[in-house]
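# Chains, contacts and geometry: an overview
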Amino acid sequence: MKLFRSPSIAVLLATLCAGSPAWAQDGPVIPAFTDETAAAGINSTYEGQWEYMVGGGAAAFDCNEDGFPDLLLAGGEKPTHFYRNASSSGGALKFVTETSGLELGEVTGGYPIDIDSDGVMDIVLLRVGENVVMRGLGNCKFERANEAWDFKGGDAWSIAMAATWEKNAAWPTIAIGNYIDRTEEMSPWGSCTDNWLHRPDAGGTKFAPPVALKPSYCALSMLFSDWDNSGTTALRVSNDREYYEGGQEQMWRLLPGKPPELYTEADGWKYLRIWGMGVATYDVDADGYPDYFLTSMADNKLQTLANVPADGKPSPSYKDIAYAKGVTAHRPYTGTDLRPSTGWHTQFEDVNNDGLVDLFIVKGNVAKMPDFAEKDPNNLLLQGADGKFTEAGDKAGIASVLVGRGGAMVDFNLDGLLDLVVVNRWENAQLWRNTSATAGNWIEFRLTQDGPNRDASGAVIEVKSGGKVMRREVSVGGGHASGQAGWIHFGLGPNESAEVRVRWPNAEWSAPYALKANQFAILKRGRSEAAAWQPK
Amino acid sequence: MTMQLTRRSAMFMTAAALSTSTVRMAQAEPTVKAEDVIIAWYKLVLELVRHTPTYSPPVASRSFAYVGVAVYEALASGSSSLRTLAGQLNGLKPLAAREPGQQYDNAVILNAVLARAVTDFFGNTGPTGQHVMERFGAKRRDEVRAGVAQGVVAQSEAYGEAVMAHIAEWAASDGGAKIENMGFPYEYQLTKGEGHWVPTSTIGQQQMPLLPDWGNNRTFAMKNGAACPLPPPPAYSEDPASEFYKQALEVQQTTKTLTPEQKTIARFWSDDPMLSPTPPGHWMWIAIGLLEAEKANADRIADVLVRLGIAVADGFIGCWAAKFEHDLLRPVTYIRKVIDPKWETLLITPPFPEYPSGHSTQSGAAAVVLTQLFGENFAFVDSTHARDGIKPRAFPSFWAAAEEAGISRLYGGIHFRAAIELGLEQGRCIGLHTNALRTRT
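In this text the structure is predicted, and so the values were computed from the model without any measurement.

Within chain B one finds 14 helices and two strands. The globule rule puts the C-alpha radius of gyration for 441 residues at 22 Å, and the 22 Å found for chain B is close to it. Its C-alpha atoms put chain B at 75 × 40 × 40 Å along the principal axes. For chain B, buried positions account for 63% of its 441 residues. Here the analysis covers contacts within chain B between residues at least 6 apart in sequence; of these, 82% occur between residues at least 24 apart. In the form shown here, chain B has an accessible surface area of approximately 16000 Å², with 53% of it arising from carbon and sulfur atoms.

All names here are of chain B. For chain B, the assigned domains read domain 1 (2–171) and domain 2 (186–435). Between the C-alpha centres of domain 1 and domain 2 there is a distance of 29 Å. Taken together, the 47 residues of domain 1 in the interface contact 50 residues of domain 2. Both faces considered, domain 1 and domain 2 share a buried interface measuring about 4100 Å² in area, 69% of it formed by carbon and sulfur atoms. In this structure, the connection of domain 1 to domain 2 is made through three salt bridges. For D388, the salt bridge goes to R50, with nearest N and O atoms at 2.9 Å. At the boundary of domain 1 with domain 2, the tally comes to 11 residue pairs in polar contact (both at pLDDT 80 or more). Put simply, the parts of the chain that give the side of domain 1 that touches domain 2 at least two residues each are helix 1 (7–25), helix 2 (34–51), helix 3 (57–76) and helix 6 (150–171). In terms of residues, the side of domain 1 that touches domain 2 owes the most to one element, helix 3, which gives 14 residues. Class assignment for the residues of the side of domain 1 that touches domain 2 results in 27 nonpolar, 13 polar and seven charged.

Another aspect to go through is the packing of helix 9 (residues 278–293) of chain B against helix 13 (residues 398–411) of chain B. All names here are of chain B. Here helix 9 crosses helix 13 at 155 degrees, and the two axes come no closer than 13 Å. With respect to their mutual orientation, helix 9 and helix 13 come out roughly antiparallel. For the pair helix 9 and helix 13, the crossing hand works out as right-handed. Across from W283, I286 and L290 in helix 9, the residues of helix 13 making contact are F398, A401 and A402.

Residues spaced three or four apart along an α-helix face the same direction, because each turn holds 3.6 residues. Residues and elements named next belong to chain B. Here helix 4 (residues 106–122) spans 23 Å end to end across 17 residues, near enough to the 24 Å set by a 1.5 Å rise per residue. The set of residues buried in helix 4 consists of A107, V108, I109, L110, N111, A112, V113, L114, A117, V118, F121 and F122. Of the surrounding secondary structure, the elements contacted by the buried residues of helix 4 are helix 2, helix 3, helix 5 (127–145) and helix 6. The distance from a side-chain oxygen at the start of helix 4 to the backbone nitrogen of A107 is 3.0 Å, and the residue carrying that oxygen is D105.

A few words on the state of the cysteines. Scanning all chains against the criterion turns up three disulfides over all chains. Between the sulfur of C192 of chain A and that of C218 of chain A lies a disulfide, 2.1 Å long from S to S. For the disulfide bridge between C192 of chain A and C218 of chain A, the dihedral angle about the S-S bond is near -110 degrees, and by the sign convention the bridge is left-handed. Of this pair, C192 of chain A sits in the loop between strand 11 (173–178) and strand 12 (195–198) while C218 of chain A sits in the loop between strand 13 (211–213) and strand 14 (219–225), and the two are 26 residues apart along the sequence. As far as burial versus exposure is concerned, C192 of chain A and C218 of chain A are alike and both buried. Each sulfur in the disulfide pair C228 of chain B and C429 of chain B lies 2.0 Å from the other. Taking the sign of the torsion about the S-S bond as the criterion, the disulfide between C228 of chain B and C429 of chain B, at about -75 degrees, is left-handed. One end of the pair, C228 of chain B, is in the loop between helix 6 and helix 7 (243–256); the other, C429 of chain B, is in helix 14 (residues 417–435), with 201 residues separating them in the sequence. You can call C228 of chain B buried: its relative accessible area is 2%. Under the relative-accessibility criterion, C429 of chain B is labelled partly exposed at 27%. Cysteine pairing in chain A follows 1-2, 3-4, where each cysteine in a disulfide is numbered by its order in the sequence. In this structure C319 of chain B is not part of a disulfide, and its nearest cysteine sulfur, from C228 of chain B, lies 12 Å away.

Attention shifts here to the sheet that holds strand 1 (residues 33–35) of chain A. Residues and elements named next belong to chain A. On the basis of which strands lie adjacent, the open sheet formed by four strands has the order 1-28-27-26 and antiparallel pairing. Single-partner strands in this sheet number two, and they are strand 1 and strand 26 (404–410). Mean inter-strand twist for the sheet, computed between neighbouring axes without regard to direction, equals 20 degrees. Sheet analysis places strand 1 next to strand 28 (residues 430–434), joined by three bridges and oriented antiparallel. From the neighbouring strand, D35 faces strand 28, where its bridge partner is W432.

On to the environment of Y83 of chain A, then. All names here are of chain A. Within the fold, Y83 resides in strand 4 (residues 81–85). Using a relative accessible area of 1% as the deciding quantity, one classes Y83 as buried. Dropping the residues within four chain positions of it, Y83 is found in contact with G41, I42, N43, S44, D70, L71, L73, F95, V96 and T97. In terms of polar contacts, Y83 uses its side chain to reach the backbone amide nitrogen of N43, at 2.9 Å.

Turning to the pattern of salt bridges, a few remarks are in order. As a working rule, side chains carrying opposite charge can pair if their charged atoms are close by. All names here are of chain A. Using the criterion set out here, one finds 44 salt bridges over all chains in the structure. Residue R84 pairs with E98 through a salt bridge whose shortest N-O separation is 2.5 Å. Residue R84 is found in strand 4, and its partner E98 is found in the loop between strand 5 (95–97) and strand 6 (107–113); the two are separated by 14 residues along the sequence. A residue is classified by how much of its surface remains accessible, and E98, at 22% relative accessible area, is partly exposed. In this structure, R472 and E349 form a salt bridge, with 3.2 Å as the shortest nitrogen-oxygen distance. Of this pair, R472 sits in strand 31 (residues 468–473) while E349 sits in strand 22 (residues 343–349), and the two are 123 residues apart along the sequence. As far as the burial class goes, R472 and E349 line up, both buried. Each of the salt bridges in this network shares a partner with another, and the network as a whole consists of E130, R144 and E147.

Time to look at the side chain of R127 of chain A. Mapped onto the fold, R127 of chain A is located in strand 7 (residues 122–129). Dropping the residues within four chain positions of it, R127 of chain A is found in contact with L104, G105, E106, V107, T108, V132, A156, W157 and S158 of chain A.

This paragraph deals with the interface of chain A and chain B. With 37 residues of chain A at the contact, the number on the chain B side is 38 residues. In total, about 3300 Å² of surface goes out of reach between chain A and chain B, with carbon and sulfur atoms giving 57% of it. The three residues of chain A that bury the most area against chain B are M186, W189 and E245 of chain A, which together make up 23% of that side's buried surface. Between chain A and chain B we count four salt bridges in total. Between R387 of chain B and E245 of chain A there is a salt bridge, with its nearest N and O atoms 2.7 Å apart. For the pair chain A and chain B, the number of links is 13 residue pairs in polar contact (both at pLDDT 80 or more). By residue class, the composition of the side of chain A that touches chain B is 17 nonpolar, six polar and 14 charged.

So, on to the packing of aromatic side chains. The relation between two aromatic rings is expressed through the spacing of the ring centres and the mutual angle of the planes. Enumeration over the complete set of coordinates arrives at 46 aromatic pairs over all chains. Note on W269 of chain A and Y318 of chain A: the rings are 6.5 Å apart at their centroids and 75 degrees apart in plane angle, and the pair reads as edge-to-face. Of the two residues, W269 of chain A is situated in the loop between strand 17 (261–262) and strand 18 (278–282) and Y318 of chain A in strand 21 (residues 318–320); the sequence distance between them amounts to 49 residues. Per residue, the accessibility class of W269 of chain A equals that of Y318 of chain A, and both read buried. Between F244 of chain B and Y334 of chain B the ring centres are 5.0 Å apart and the planes differ by 65 degrees, which places this aromatic pair in the edge-to-face class. Taken together, the residues F244 of chain B in helix 7 and Y334 of chain B in helix 11 (residues 331–339) connect sequence positions 90 residues apart. Both residues of the pair, F244 of chain B and Y334 of chain B, belong to the buried class. Three or more aromatic residues joined by ring pairs form one cluster here, namely F268, W269, W283, F374, F378, F380, F395 and F398 of chain B.

What counts, and at which threshold
Residues numbered from 1 in each chain as written. Chains lettered and ligands numbered in written order. Predicted model: local features only at pLDDT ≥ 70, side-chain atom pairs only at ≥ 80, totals over all residues. Heavy atoms only, no water. Helix = DSSP H or I, 4+ residues; strand = E, 2+ residues; numbered from the N terminus. Rg over C-alpha atoms; globule rule 2.2 N^0.38 Å. Buried < 20%, exposed > 50% of the residue type's maximum accessible area, 1.4 Å probe, protein only. Contact = heavy atoms within 4.5 Å. Areas by Shrake-Rupley, 256 points an atom, 1.4 Å probe, with all protein chains shown as cover. Domains from an automatic or database assignment. Buried area = accessible area lost by both parts, 1.4 Å probe. Salt bridge = Lys/Arg side-chain N within 4 Å of Asp/Glu carboxyl O. Polar contact = N/O pair within 3.5 Å; in protein donor to acceptor, adjacent residues only side chain to side chain. Nonpolar A, V, L, I, M, F, W, Y, C, P; charged D, E, K, R; others polar. Axes fitted to C-alpha atoms, helices over the stretch in contact; angles between N-to-C directions. Parallel < 35°, antiparallel > 145°, perpendicular 65-115°, else oblique. Left-handed = near helix turned anticlockwise from the far one by under 90°. Expected span 1.5 Å × (residues − 1). Disulfide = S-S within 2.5 Å. Pairing = 2+ DSSP bridges. Phe/Tyr/Trp six-rings, centres within 6.5 Å; stacked < 30°, edge-to-face > 60°.

As structure tokens, then:
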């Protein structure tokens, strides 16, 4: 039972606390997580040697239309594990191993996406070898669709993926990020292989042959983002400087019908070279534009636009505010191992429902690198009212020091609190249930629209509640080899309601949807009212 | 004389040459040349320097020096033309001699030395470096053994390992063997008062300066890190009439009107850790290219590489001693405070005190040594960064290259002129100590 899930209890407590809720008095409320890995039936390890030092993703998505996110965990050289979510609303987490058709080997990660817009979730499996698109058949069954959709899976070391629906397209554009040439055993440095852009074919019902994104610099994460609020998404690519020569972080301009084009110094793009491993986006500083968190080694970056001009047409020049915001997360914050940290999957979510987005980072040594922490705890950085973040991973109970890689922060039991799964290299994945007793109110909703792109990838969401505005994009991609689809969660703190506006793909902002706290809702394009939804 | 080979093509050419040797070894003739062994391993060392996170420029220079001494001594023990450096280098005791009457193969010895050396110095590299070291070592071992009598192989490998063990023991006591937190201390007290170094980066780790005790390390050819002292930099002042202000203004104004050529120079010599072979590695690439072009024999290669390694290593020790003695703030700190709050540098400001310029000191030392080894006004083309898409540059002499490396730091906005000019002079002094070593009989 969580406080504030019931509006009546929330009102009562708010009254008792004379307008100053206990959870807001002394900094962020520390959430509580309970490890339910074994009890929930999760038993999956990301296995393999050199070719699996990166990757290790988790994919969370509902494939049997019960609203509960099901789960796919990459197994590396071993087959993936698919789990049907058998949790009950608000109850302990429960997963059941089922044969889904997704049990391929050499999988590094996966991203759910309804490619053919039939309302059934499909998934892209990234692999060391041929990538595979798996068509959802319903009831969590999948079949290979490379041939049916003319998807050329290639033969590379694929780790990153992002997707968008270009303007007026009926079929998605999928970007695949590839790593080093694994056949270059004597000199792998400088052998970054091309990333690929799979755009729709002329008929718009299959993929055209992929286009190489030249130059490519060993991508480990990518996402499509409308960085300048122009209505067109660009492809951000985070690259591992360990292997490229002459490389840097990248952003590709992708205009319909035109070849992809890199943003350059002349456009204002600033040279940044890091061990890029994961990307997450959210408008952290509320300047109206997406910010980007980039994970790396011994350092992490939080990028915001260097200048927000009055005309609303910024140049792609970013400054790093990680140090100012307290999210460098550059070394372990607990234990005696003070060597530099190694960051992988990352995600912005509000874990304590206080209306302030928090930041999760999965940590783990690449592979016994002695100059980097071996006991490298995952980070849970909670945002305070002053906009700065403080570490709470240990207090919250998720400071695992296993060798983490991918992950997902998802409401697995549909109680309004975000749970957590982490994929570990050579060790079992970990699953935590968010059992916070003092979290705030929340809303969760899904976007849907008729026709192509049913889940409205590329939409921008603005939630107003209690005088604050929270803003994020809906996209397929980001993190580290880990994707999610389904409920979109916002914390509301003590507030009882929220106004939600949606800038649907290729459209103007919607009128506000009125949502009450602690409810699930479906927002359908073209409808002015949100449809309430309840887990069964 | 030109050096046009890129790193990858050169490495492959060496590998191809060794493969050819392998074929000939089927005829039981030990045809892998000692010089090929040195060059192939050095190219791997340069890759490992680039791809091992602790390898900041001072740390890289140290590894070049020790690897160079190991190779040199392994050859000198069997050479009539090379003289041991034991007794000439600080703390280096005489190495075990080769057994009289026994047969040795230099290629096998050197392969054993270098295989052990990369394990010792780069055992902390990442999984890809480990992956490559393992495969590279196995391939080279098979190649040098082929066609060599089993007893000679055993004798030679044992000797090579003994040489490297001796060098490793010597290296362990120099003060630079243990690098924690990528060289950034966990605690450090900044010097109080205006004009002193303060952090310039928003990277958490870099709120402390890199390797503050490096200047206390044991040097190689000079007495200690203070052997080539520098006068103080211009006195700190915010008075526009002061020399300090004028030098800062020069940096600010130069960087605001950089020509394309000046930008190219700044980036050519940027030599960032983890993105290049570092400044000392840059000079190693130059030397290796020149040695390949002249088809130098093993003794010549060993002589050049050991001297260059010692020069840059002593260069960084001397430079760091001066840096933390004078503890001067960086241009970005001063200029933003006094002249232009929005000023931006072209290059990323390194996380340690400004005076003198490390690249200038070690480039000056390298140029003095290479000039002695190759001659005055020795023109060459430097293609170190070809694989990174940076065009080669031609120089009329080593000193001209060193001067360009120095001034590149002003163009990049990370050094004042005094640090560059006096850094070069410090490097000249340090290089002369190396030149005083006697390597030839």
